[in-house]
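Here are the chains, one letter per residue:
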2 protein chains.
Amino acid sequence: MASPLEGGADALLLDLPRGPLQAYRARASFCWKELVLFLEGEDVLRLKKTIFSTLENDPLFARSHEEDISLDRYRELSFLRCKRIIEYNLLPLEDMVANPLWFQVFTNCLGMYDWSLAIRLLLNMVTFGLAIYNLGSERHLKYLPKIFNMEIFGCFAVTELSHGSNAKAIRTTAHYDPITQEFIIHSPDFEAAKFWVGNMGKTATHAVVFAQLYTPEGQCHGLHPFVVQIRNPKTLLPMPGVMIGDMGKKLGLNGIDNGFAMFHKVRIPRQDLLNRNGEVTLEGTYVTPFKDDRQRFGASLGTLSMGRVAIVGMSTVNLKLAVSIALRFSATRCQFGPSDEEEVPVLEYQMQQWRLLPYLAAVYALDHFSKSLFLDLVDLQQGLMGKDQSARQAELGREIHALVSASKPLASWTAQKGIQECREACGGHGYLAVNRLGDLRNDNDPNCTYEGDNNILLQQTSSYLLSLLASRIERKRHPTKSPLKTVDFLEAYPEILGQRFSCPSINSCLDSSVPLAAYEWLVCYLLLESYQKLNEEKRSGRNDFEARNNSQVYYCRPLALAFLELTVVRRFHEYTHQPSVPPPLRAILGRLSALYALWTLSQHMALLYQGGYFSGEEAGKMIQNAILTLCSQLKDDAVALVDVIAPPDFVLDSPIGRADGELYKNLWTAVLQESEVLKRPSWWLEFTVNKPRVGSLKSKL
Amino acid sequence: MASPLEGGADALLLDLPRGPLQAYRARASFCWKELVLFLEGEDVLRLKKTIFSTLENDPLFARSHEEDISLDRYRELSFLRCKRIIEYNLLPLEDMVANPLWFQVFTNCLGMYDWSLAIRLLLNMVTFGLAIYNLGSERHLKYLPKIFNMEIFGCFAVTELSHGSNAKAIRTTAHYDPITQEFIIHSPDFEAAKFWVGNMGKTATHAVVFAQLYTPEGQCHGLHPFVVQIRNPKTLLPMPGVMIGDMGKKLGLNGIDNGFAMFHKVRIPRQDLLNRNGEVTLEGTYVTPFKDDRQRFGASLGTLSMGRVAIVGMSTVNLKLAVSIALRFSATRCQFGPSDEEEVPVLEYQMQQWRLLPYLAAVYALDHFSKSLFLDLVDLQQGLMGKDQSARQAELGREIHALVSASKPLASWTAQKGIQECREACGGHGYLAVNRLGDLRNDNDPNCTYEGDNNILLQQTSSYLLSLLASRIERKRHPTKSPLKTVDFLEAYPEILGQRFSCPSINSCLDSSVPLAAYEWLVCYLLLESYQKLNEEKRSGRNDFEARNNSQVYYCRPLALAFLELTVVRRFHEYTHQPSVPPPLRAILGRLSALYALWTLSQHMALLYQGGYFSGEEAGKMIQNAILTLCSQLKDDAVALVDVIAPPDFVLDSPIGRADGELYKNLWTAVLQESEVLKRPSWWLEFTVNKPRVGSLKSKL
């Protein structure tokens, strides 16, 4: 469709190169530029364009495709690029403060280019910087300008070789010495070495180190954060007593130097305790504003929320890139056809549509959710900064924690599975490194693990929901209401549980309101089931620890995931059905919303039957037919929907996913560009001269 | 448990080192050595020991852990190792002929060490060598000894840049010139370049090239195989007219040089047409023993079956290694516990058991199936060699083709998902390259794609089943019976469809006979549904191509998978319930069989409800409870079950998976062994001197 845009916006969105994708583009039911503008807005488009153009125009960011780039060289490159980004100052602090969402845009744009680069920056500025800001006090503000101009470079050190998920049990100690007014940071043995710390391997000069704080009389006050200088910024050599190293190769993200550190009685000034949640006086007396150690601990690690929300965005970006590559490939790769003479694009096959289009819909739904969650967190953070002590602020904190704890698992797993499907859907060509699906998978993979293992995080969400139900049932408290309204529907759970699936025709099933209703039933069902299961476990004599562990697999885990899916579905449903959606975009957005909702619901079909919401053969078939119908309705729009989300070719960096759709030309050219492609191998004599003699060696046992 | 073995067998199975895994080993309900001996037999154990010891004792096979091994160096190493294996002649031809299964053992042992090595050997000896043997005639036998002593090195070239799955449409041509009695091999353009050919990139001297055969009058006779010399064995330089190159880095298997080739009017002697299925006379007349081109084409590509069966074994091996690593990790990694003081191994958590133990059971079931399928194929191949023209041989061919076509998808996907689960179940440490889960995932990934894309292969299986049902319904033919009896149950499909799930108690659910019955119902249900769906599509005016495409997603695809799962479950059920199972092993094998069967069935729970086999809440819960009960019964045996399947530490090559269970010592040591771990980076001046100035650069648009 022709562009109805004018002036500024149109100049921001250049026409795409003509080529084999034209056929699908011509069939699109909407104008891709109009949708971009609706989703992003002109300002964000301008910011993106600035970032992408800057990278493309600077040779330091040239795509090297060095097959054999060494770890050391990759780390150097990603560090040099970090510096260059600072020199460009692409997102000045004042703009970020005025438009917090721009920070997410900025991060995701850099991540589309390379997550190693983006994460190194984030670890220094956000994870390290925000930890100092949120956990420290006025005396620590001196560190902030040094972080921003890279006088120092920071990292965040919680996990140890033998402790990750159970952060409370970490064993690094910080003993206070009142004579010198210093803390002595110490690793009792190598199992307590800090481990997996990003930026620590080769570059960080400072670390926020979590350690068990001991006062002189020998009492332990639990985990506290300290700023510890680990390298000399003038030499990058380790500070005395610090043994610090690089963990070596990982499955992905190899531009980041994850590291380990052991501390041998390293002395730091008393002032370098980040003292927001606990302080030691000159004389060695421990003081804390918290009554409860648990609460203090929660507040200390609360700073991880920002990281988890960032991961929701990172995962969505990874899936966005993978889906863009796989769909452009599918629209240009022809294979088989109704006759031997005629081949059709693989996107014409229902199977290929079903494999890929739900992930395309997921990208749109998760992208919207990721933005909205980020803004929720900004709201919370602003309350924290303003020292908001209201009940609403506390409730908001709990609700956001519950949302974030399931959002990271949902987004990272959806991306993990989606990228794998995209890899396979591109066949052999998806297995060629240059096409980038491997890097996307490898770089996305840790999203399932870091900042909280997915399966363990989900327990936070289910606990939140269970506590709401418990107060409603046991104490008959005030109605269930939360600041973001994500749980308000639970108020009506007895009525919801009485509902049954009803959908008179397939057409009435093609809107996200149908799966939305099913999800409300499902969450209520799983919540009540989980509640009963936990009680049953306790009644049969198990303690809380056992009862909780035995209620995860088929109860609390699916509960947390279903609740989050419902929330994503609801927010995207509301977004796509609001009156401000331009009429030409309503149909396409509605279909994306319906497809994501039905598809993700369809994973729970067994439960819907088991609990009685579905009955009879027709219910299941109706959902299946609705999914396939939406796939076939969306397939002609798929290329245009990719044009909306895909970054420029330079950033997407995949020969089979370029906007011109010249699949084979681009792939062939890329393959020929690699080094020594046509050359005889250096070791050719090993074939031609040094021939093996069968059985000439005897095996040794 | 103490070993009841004596003499020879006991000497083959050394005791495992004591260490932290001892606690679980002591709790095992069976003797691991007894189970190894039952599963493998003494001869196979001796062969494995010879292979593994030979590798471990030869420095050429030393595990380098060079983080930055270059593509070229890795290819050189894997080539040198190929030669060394030939020098050891670990499996002499006469032994292989006497014990065909030993060939599978040999391949899998090398693959456990490194699939790049094993596959390079296989591609030359089996894919290339067997193609010449099966597709050629006496005049081609001259090539075989040259293959075995590496005078020449071969590859198998079917796919092209623009054609893979639709092999029939490949475009390389072979025109016969009666004047010189040569074929002229030609690639019309780069889209017809041979692509993805293993061994072709740097080393192969000869290729079996599939090309469209044209006789002088201009008629095309379809795809035929030719032996084409592509490099000079004295120089490893390409032959005149052959443009040949290396495809560069892939997601995994980088010790193999996948390559491409374009032929510019390359002339080869007439005799190098592999003429088993089609021949051209001196004068240029085409002759074939087949009446039907389709049949001839099938016979030509039938040689791929061996590759597909090999992939079933490869996938199982990969899952075996991953599960071994993850379970030993889970038995030694402690995290959280009932109190702050006491931490328990993560294997004690129901969630971790549920994530990993079904995959352990899958390894046992698939391993047995993989052997049995290999022997079926040997049976078929022997018939081919003996020129067996019987109806049974033809039926066996069809049945095995149907089994193989779904086995490769089932095994490769199970491994893909299982390895990912293992990676995640090991948390961050699973993401460290040295622990090998990344390589396993990356090396397993192409199993989903090569030798036939999984989703497309599945259509072969469903078509076979549908044709059986069609003859039964439409022509009321003789009873459905097949040589391997995998489809005999279909005879009773109307009665089976009348059955309903019944399981009076959880205990009666703990045997694989329960899921076996459910699977029979499920396959019958999906078969009838698929049949009806296809007919419905045709009735509504769609042609065969469309009807088939529109019946895959929710019909033919799950049908093929469920049928294969049933077959795997049935074979393992029969194997574990046979009278020859030693009594001390019956319980453990029975549990493995039940767990695999119930767990894989549980993926179809929605269908079981939808079709009415299940009804009410209890059915689903019964299956869930049975799975969790089996997990808890098996968790104390998990380490011993891993001891049965895991190769020696040198081969497993994962610090977190070593048999001594010294998780942290091994990991710490491994990390410190990598290069330059504690060194300042070479580019330290980039931090210490060349400081960035915020905003010093202007972005260019």
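Residues numbered from 1 in each chain as written. Chains lettered and ligands numbered in written order. Predicted model: local features only at pLDDT ≥ 70, side-chain atom pairs only at ≥ 80, totals over all residues. Heavy atoms only, no water.

The criterion, for reference: UniProt positions are given in the numbering used here, feature names are shortened, and annotations may be inferred rather than shown by experiment.
You'll find chain A entered in an unreviewed UniProt entry as Acyl-coenzyme A oxidase, with Canis lupus dingo given as the organism. Under the UniProt heading Sequence similarities (unreviewed entry), the note attached to chain A is "Belongs to the acyl-CoA oxidase family."

## Regarding the overall build of chain A
Rule in force here: Secondary structure follows DSSP: runs of H or I at least 4 residues long count as helices, runs of E at least 2 residues long count as strands, and numbering of each begins at the N terminus. Throughout, radius of gyration means the C-alpha value; the globule benchmark is 2.2 Å times the number of residues raised to the power 0.38. Under the scheme applied here, a residue whose accessible area is under 20% of the maximum for its type counts as buried, over 50% as exposed, and between as partly exposed, the area being computed with a 1.4 Å probe on protein chains only. Any two residues having at least one pair of non-hydrogen atoms within 4.5 Å are treated as being in contact. Throughout, the Shrake-Rupley method with a 1.4 Å probe supplies accessible areas, and for residues the shown protein chains are the sole cover considered.
Across its full length, chain A carries 26 helices and 11 strands. For 701 residues, the compact-globule estimate of 2.2 N^0.38 gives 27 Å, and the C-alpha radius of gyration of chain A, at 27 Å, lies within 12% of that figure. C-alpha atoms of chain A, sized along the principal axes, occupy 90 × 80 × 70 Å. Among the 701 residues that make up chain A, the fraction classed as buried is 64%. Sequence-distant contacts in chain A: of pairs separated by 6 or more residues, those separated by 24 or more amount to 74%. Carbon and sulfur atoms make up 54% of the accessible area of chain A, which amounts to about 24,900 Å² in all.

## Focus on the pattern of salt bridges
Residue and element names in this part refer to chain A. To keep things clear, this is the line we draw: Whenever Lys or Arg places a side-chain nitrogen within 4 Å of a carboxyl oxygen from Asp or Glu, that contact is recorded as a salt bridge.
As enumerated under the stated definition, the model contains 77 salt bridges over all chains in all. Measuring nitrogen to oxygen at the nearest pair gives 3.1 Å for the salt bridge that ties Glu537 to Lys533. Here Lys533 and Glu537 lie together in helix H17 (residues 513-539), a separation of 4 residues that amounts to about one turn. Counted as one network, the salt bridges with shared partners bring together Arg27, Glu348, Lys635 and Asp636.

## So, the UniProt feature "domain: Acyl-CoA oxidase C-terminal" (unreviewed entry) in chain A
UniProt annotation of "domain: Acyl-CoA oxidase C-terminal" (unreviewed entry) refers to residues 513-687 of chain A when read in the numbering used here. Each end of residues 513-687 of chain A is marked by a C-alpha atom, and these two atoms are 66 Å apart; helix forms 73% of the span and strand 0%.

## A short note on the nonpolar core
For the record, the criterion: Only buried residues count toward a nonpolar core. Its members are Ala, Val, Leu, Ile, Met, Phe, Trp, Tyr and Cys residues joined through side-chain atoms within 4.5 Å.
Counting residues in each nonpolar core, the largest one holds 415 residues, and the members touching the most others are A:Leu360, A:Tyr364, A:Phe501, B:Leu35, B:Leu360, B:Tyr364 and B:Phe501. For this core, the element with the highest residue contribution is helix H12 (residues 350-385) of chain B, accounting for 18 residues.

## Focus: the pairing of strand S5 (residues 206-214) of chain B
The two faces of a sheet get side chains in turn, since along a regular strand they alternate between them. Residue and element names in this part refer to chain B. Definition in use: What makes two strands pair is DSSP finding at least two bridges between them.
S5 sits mainly inside the fold: 8 of its 9 residues count as buried. As paired strands, strand S1 (residues 154-157) and S5 are joined by 4 bridges and run parallel to one another. Counterpart to Ala157 in the pairing with S5 is Val209. Inspection of the sheet shows strand S2 (residues 173-177) paired to S5 by 3 bridges, in the parallel sense. Paired with Thr173 across the strands is Gln212, a residue of S5. Judged from the 8 bridges that link them, S5 and strand S6 (residues 220-229) form a sheet pairing that is antiparallel. Looking at S6, one finds that Phe210 is bridged to Pro225. In sequence, S5 turns back onto S6 through a hairpin of 5 residues, with Gly218 there showing a positive phi of about 100°.

## Observations concerning the environment of B:Pro225
Residue and element names in this part refer to chain B. Relative to the helices and strands, Pro225 is located in strand S6. Since its relative accessible area comes to 3%, Pro225 is described here as buried. Beyond its immediate chain neighbours, meaning those up to four positions away, Pro225 contacts Leu135, Val208, Val209, Phe210, Asp272, Leu273 and Leu274.

## Points about the interface of chain A and chain B
Put simply, the rule is: Computed with a 1.4 Å rolling probe, the buried area is the accessible surface lost when two parts are put together, summed over both parts. For the purposes of these results, a polar contact is taken to be a pair of N or O atoms within 3.5 Å, where, inside protein, one atom must be able to donate a hydrogen and its partner to accept one; residues adjacent in sequence count only when each atom of the pair is a side-chain atom. Under this grouping Gly is polar, as are all residues other than the nonpolar Ala, Val, Leu, Ile, Met, Phe, Trp, Tyr, Cys and Pro and the charged Asp, Glu, Lys and Arg.
Taken together, the contact pairs 155 residues of chain A with 155 residues of chain B. Between chain A and chain B, a total of about 13,500 Å² is buried, with carbon and sulfur atoms accounting for 61% of that surface. Three residues stand out in chain A for area buried against chain B, namely A:Tyr431, A:Trp668 and A:Trp683, and they jointly supply 7% of the buried area on that side. For A:Asp445, the salt bridge identified is with B:Arg441, shortest N-O distance 2.8 Å. Where chain A packs against chain B, one counts 73 residue pairs in polar contact (both at pLDDT 80 or more). The element that contributes the greatest number of residues to the side of chain A that touches chain B is helix H5 (residues 71-88) of chain A, accounting for 11 residues. Taken together, the residues that form the side of chain A that touches chain B break down as 66 nonpolar, 47 polar and 42 charged.

## Observations concerning the side chain of A:Lys320
Residue and element names in this part refer to chain A. Within the secondary structure, Lys320 is located in helix H11 (residues 304-332). Within the local environment of Lys320, its side chain forms a polar contact with the side chain of Asp367, the two groups lying 3.3 Å apart. Excluding residues within four positions of it along the chain, Lys320 makes contact with Met112, Val363, Asp367 and Ile645.

## Quick look at a nonpolar patch on the surface
Short version of the rule: Like charges within 9 Å and nonpolar side chains (Val, Leu, Ile, Met, Phe, Trp, Tyr) within 5 Å are joined into patches, using only residues over 30% in relative accessible area that form no salt bridge.
A cluster of nonpolar side chains, contributed by A:Leu93, A:Val97 and A:Phe148, occupies part of the molecular surface with about 280 Å² of accessible area. Within the element layout of this structure, A:Leu93 appears in helix H6 (residues 93-98).

## Some remarks on the sheet that holds strand S7 (residues 242-246) of chain A
Basically, it comes down to this: In this description, a line fitted to the C-alpha atoms serves as the axis of each element, helices being fitted only across the stretch in contact, and the angle between N-to-C directions of two axes falls anywhere from 0 to 180 degrees.
Read from one edge to the other, the open sheet built from 3 strands follows the order S4-S8-S7 (chain A), with strand pairing classed as antiparallel. Since the sheet does not close on itself, it has two edges, and those belong to strand S4 (194-197) and S7 of chain A, each with one partner. Direction aside, neighbouring strands of the sheet carry axes that sit 20° apart on average. Together, S4, S7 and strand S8 (259-263) of chain A form the strand contacts of helix H25 (residues 663-673) of chain B, whose direction differs from that of S8(A) by roughly 110°.

## Concerning a positive patch on the surface
Residue and element names in this part refer to chain A. Put simply, the rule is: In this count, Lys and Arg are taken as positive residues and Asp and Glu as negative ones, while His and the chain termini are left out. To locate a charge, the coordinates of NZ of Lys, CZ of Arg, CG of Asp or CD of Glu are taken.
Taken together, the side chains of Lys168, Arg294, Lys538 and Arg548 make up a positively charged region of the molecular surface. Along the chain, Lys168 turns up in the loop between strand S1 (154-157) and strand S2 (173-177). By relative accessible area, which is 36% here, Lys168 ends up partly exposed.

## Some words on the relation of the copies chain A and chain B
Both copies of the chain are related through a single rotation about an axis accompanied by a shift along the same axis. Definition in use: Only residues with pLDDT of at least 70 in both copies count here: their C-alpha atoms drive the least-squares fit that superposes the copies.
Structural alignment of chain A on chain B gives an RMSD of 0.0 Å, achieved by rotating through 180° and translating 0.0 Å along the axis. Taken together, the rotation and translation relating the two chain copies correspond to the operation of a two-fold axis. For chain A, the minimum C-alpha distance to the rotation axis belongs to A:Ala606 and amounts to 1.9 Å. Comparing interface residues between copies, 100% of those in chain A also sit at the interface in chain B, which points to an isologous, same-surface contact.

## Remarks on the packing of aromatic side chains
Residues and elements named next belong to chain A. Put simply, the rule reads: Only Phe, Tyr and Trp rings take part, Trp by its six-membered ring, and two of them pair if their centres are within 6.5 Å. Stacked means planes under 30 degrees apart, edge-to-face means over 60, and tilted covers everything else.
In this structure the tally under the stated criterion is 54 aromatic pairs over all chains. Pairing Phe103 with Phe106 gives two aromatic rings, centres 6.5 Å apart and planes at 35°, and the pair type is tilted. Within this pair, Phe103 and its partner Phe106 are both found in helix H7 (residues 100-113), separated by 3 residues, close to a single helical turn. Each member of the pair Phe103 and Phe106 is classed as buried.

## Section: the environment of A:Lys146
Residues and elements named next belong to chain A. Following the sequence through the fold, Lys146 ends up in helix H9 (residues 143-148). It is 24 Å that separates the C-alpha atoms of Lys146 and Phe263, two residues lying 117 residues apart in sequence. Discounting residues that sit within four places of it in the chain, Lys146 has contacts with Glu151 and Ile152.

## Thoughts on the side chain of B:Glu40
All names here are of chain B. Structurally, Glu40 can be placed in helix H3 (residues 32-40). Polar side-chain contacts of Glu40 include one of 2.4 Å to the side chain of Lys48. When sequence neighbours within four positions are dropped, the list of residues in contact with Glu40 reads Leu45, Lys48 and Lys371.

## Quick notes on the confidence of the model for chain A
The predicted coordinates of low-pLDDT regions are not to be read in fine detail. Under the convention used in this document: Each residue carries a pLDDT score, the predictor's own confidence in it, on a scale running from 0 to 100.
For chain A, per-residue confidence averages 95 on the pLDDT scale, and residues scoring 70 or more make up 97% of the total. Overall fold confidence (pTM) sits at 0.97, and the ipTM for the predicted complex is 0.97.

## Thoughts on the environment of B:Gln382
All names here are of chain B. Considering the arrangement of structural elements, one finds Gln382 in helix H12. The partly exposed category is assigned to Gln382, whose relative accessible area is 47%. As for Gln382 and Gly418, which are separated by 36 residues in sequence, their C-alpha atoms are 35 Å apart.

## With respect to the sheet that holds strand S8 (residues 259-263) of chain B
Residues and elements named next belong to chain B. Across the sheet, which stays open at both edges, the 3 strands sit in the order S4-S8-S7 with antiparallel pairing between neighbours. Each having just a single partner strand, strand S4 (194-197) and strand S7 (242-246) make up the two edges of the open sheet. The mean inter-strand angle of the sheet, taken between neighbouring strand axes irrespective of direction, is 20°. Relative to S8, S7 runs antiparallel, the two sharing 5 bridges. When the bridges of S8 are listed, Val242 appears paired with Phe263.

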